[in-house]
Amino acid sequence: MHSMANSLTICILVFLLCVSADGARQVPYTINANNNRFLSSSDSDIGICKSMVETQGYSCEEHTVTTTDGYILSLQRIPAGRSGVTADKPPVLLQHGLLVDAATWLLNTPDQSLGFILADNGYDVWLANTRGTKYSSGHTSLSPSDPAYWDWSWDELAAYDLPASVQYVHDQTGQNLHYVGHSLGTLMALAAFSQQQSLNMIRSASMLSPIAYLDQITTLLGKAAAYSMIGDVMYWLGVHEFVPGGETVTKFINGICHTTNIDCSSVTSAFAGPPCCISPSTMDAVFKYGPQPTATKNMLHLAQMIRQGTIAMYDYRSEEDNNKHYGQPTPPVYNMSSIPNDLPLFLCPWRAGLPIGSRGCADTDGRS
């Protein structure tokens, strides 16, 4: 595998050198400055509430919260079911996964989308959007065109984004909340909870398609991308924003597929396996509202987890740099055993034929 990694790195480096001149980034939003401090999505974009929630007959509120490191995140609230009856159950915060945003909870019909299902069952539904996504592109001092804006990985999502969103929902509602995370949203929560973040405001946590020890992934394209050092090469050349579907990333993937002879006629299937239960119309909606950008550093951090088999903070690849950031030569490990035993924690692995939000989850004691 490591000899293949060397050849892949050379191949991808060539691709990068060929396409690095395409440089000018086509962002899915425009930048509006207010005294050079506040950046927001374009005024012409109507947002998730108006485009996806109100069109289905639900009331919806747009909110923003600023993290302690300056990122301005959007949240959407569905305070009542389609009947118009105000929620009489606790708030639920839904946290999306990698390369998508809160739209992922609303893509199907109301009786098949978890955001709407919860609202119709009396819950006060809140939808989170992590930094860098279309509706969370703001910062108190940085622009998405600044390399420093993208200097983060899921470490910061766990340390800043999740606590800010949880605290905001708690303050707005005056109640502790249920948390539901999908994929990267589960890793954010496990990391935060292992460091005792936000626990005093959480009633329960449900982990849909949970991820932790990524060295156990089985998709060839995912492993090949990690072992190719794709994130390292992009960082060397100053590609700080990872834009799915962009020309540079597309050429990366094509290069990996060509070198490894992996069938990438469907990149989604090559990464995640055949979509047994997703209709073509749902896939069309996925690509209409996404994919969303993330930091190249975030992708590199995930690749480190695949290569090293650990749940640790971002590795700066030298003892000197790790010492500068952490005060020790190696990145600190997230200790999953430090998550309190009395936290109701539900693990819901994806299974063929089992849509998100349906029954079939087990708690940490194995009860279904």
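Located above this text is the structure these notes cover.
Residues numbered from 1 in each chain as written. Predicted model: local features only at pLDDT ≥ 70, side-chain atom pairs only at ≥ 80, totals over all residues. Heavy atoms only, no water.

Draft legend 1. Here's a closer look at the packing of aromatic side chains. Per the counting criterion, the structure on display carries 9 aromatic pairs. Aromatic side chains tyrosine 58 and phenylalanine 116 sit 4.5 Å apart centroid to centroid with 25° between the ring planes, which places their arrangement in the stacked category. Here phenylalanine 116 lies in helix H3 (residues 114–120) and tyrosine 58 lies in the loop between helix H2 (47–53) and strand E1 (61–66), a separation of 58 residues in the sequence. Judged by relative accessible area, which is 3%, tyrosine 58 ranks as buried. Through a chain of ring-to-ring contacts, the aromatic side chains of Tyr71, Tyr149, Trp150 and Trp152 assemble into a single cluster. Arginine 131 extends its terminal NZ or CZ atom over the ring of tyrosine 71, reaching a point 3.8 Å from the ring centre. (Phe/Tyr/Trp six-rings, centres within 6.5 Å; stacked < 30°, edge-to-face > 60°. Helix = DSSP H or I, 4+ residues; strand = E, 2+ residues; numbered from the N terminus. Buried < 20%, exposed > 50% of the residue type's maximum accessible area, 1.4 Å probe, protein only. Lys NZ or Arg CZ within 6 Å of the ring centre and 35° of its normal.)

Draft legend 2. Seen up close, the state of the cysteines. Here the structure, examined in full by the defined rule, presents 1 disulfide. Each sulfur in the disulfide pair cysteine 49 and cysteine 60 lies 2.0 Å from the other. The S-S bond linking cysteine 49 to cysteine 60 shows a torsion near -65°; that makes this disulfide left-handed. Taken together, the positions of cysteine 49 in helix H2 and cysteine 60 in the loop between H2 and E1 put the pair 11 residues apart, joining distant regions of the chain. Neither cysteine 49 nor cysteine 60 differs from the other in exposure class; each is buried. (Disulfide = S-S within 2.5 Å.)

Draft legend 3. Local environment of the pairing of strand E4 (residues 124–128). Across the 5 residues of E4, 5 count as buried, placing the element largely inside the fold. Residues Asp124, Trp126 and Ala128 point to one face of E4 and Val125 and Leu127 to the other, with burial holding for every one of them. Note: strand E2 (residues 71–78) against E4, 4 bridges, orientation antiparallel. Paired with glutamine 76 across the two strands is leucine 127, which belongs to E4. Judged from the 5 bridges that link them, strand E3 (residues 91–95) and E4 form a sheet pairing that is parallel. Looking at E4, one finds that leucine 94 is bridged to leucine 127. Where the polypeptide runs from E3 across H3 and back to E4, its parallel neighbour, the crossover connection is right-handed. (Pairing = 2+ DSSP bridges. Right-handed = clockwise from strand over helix to strand, strands pointing away.)

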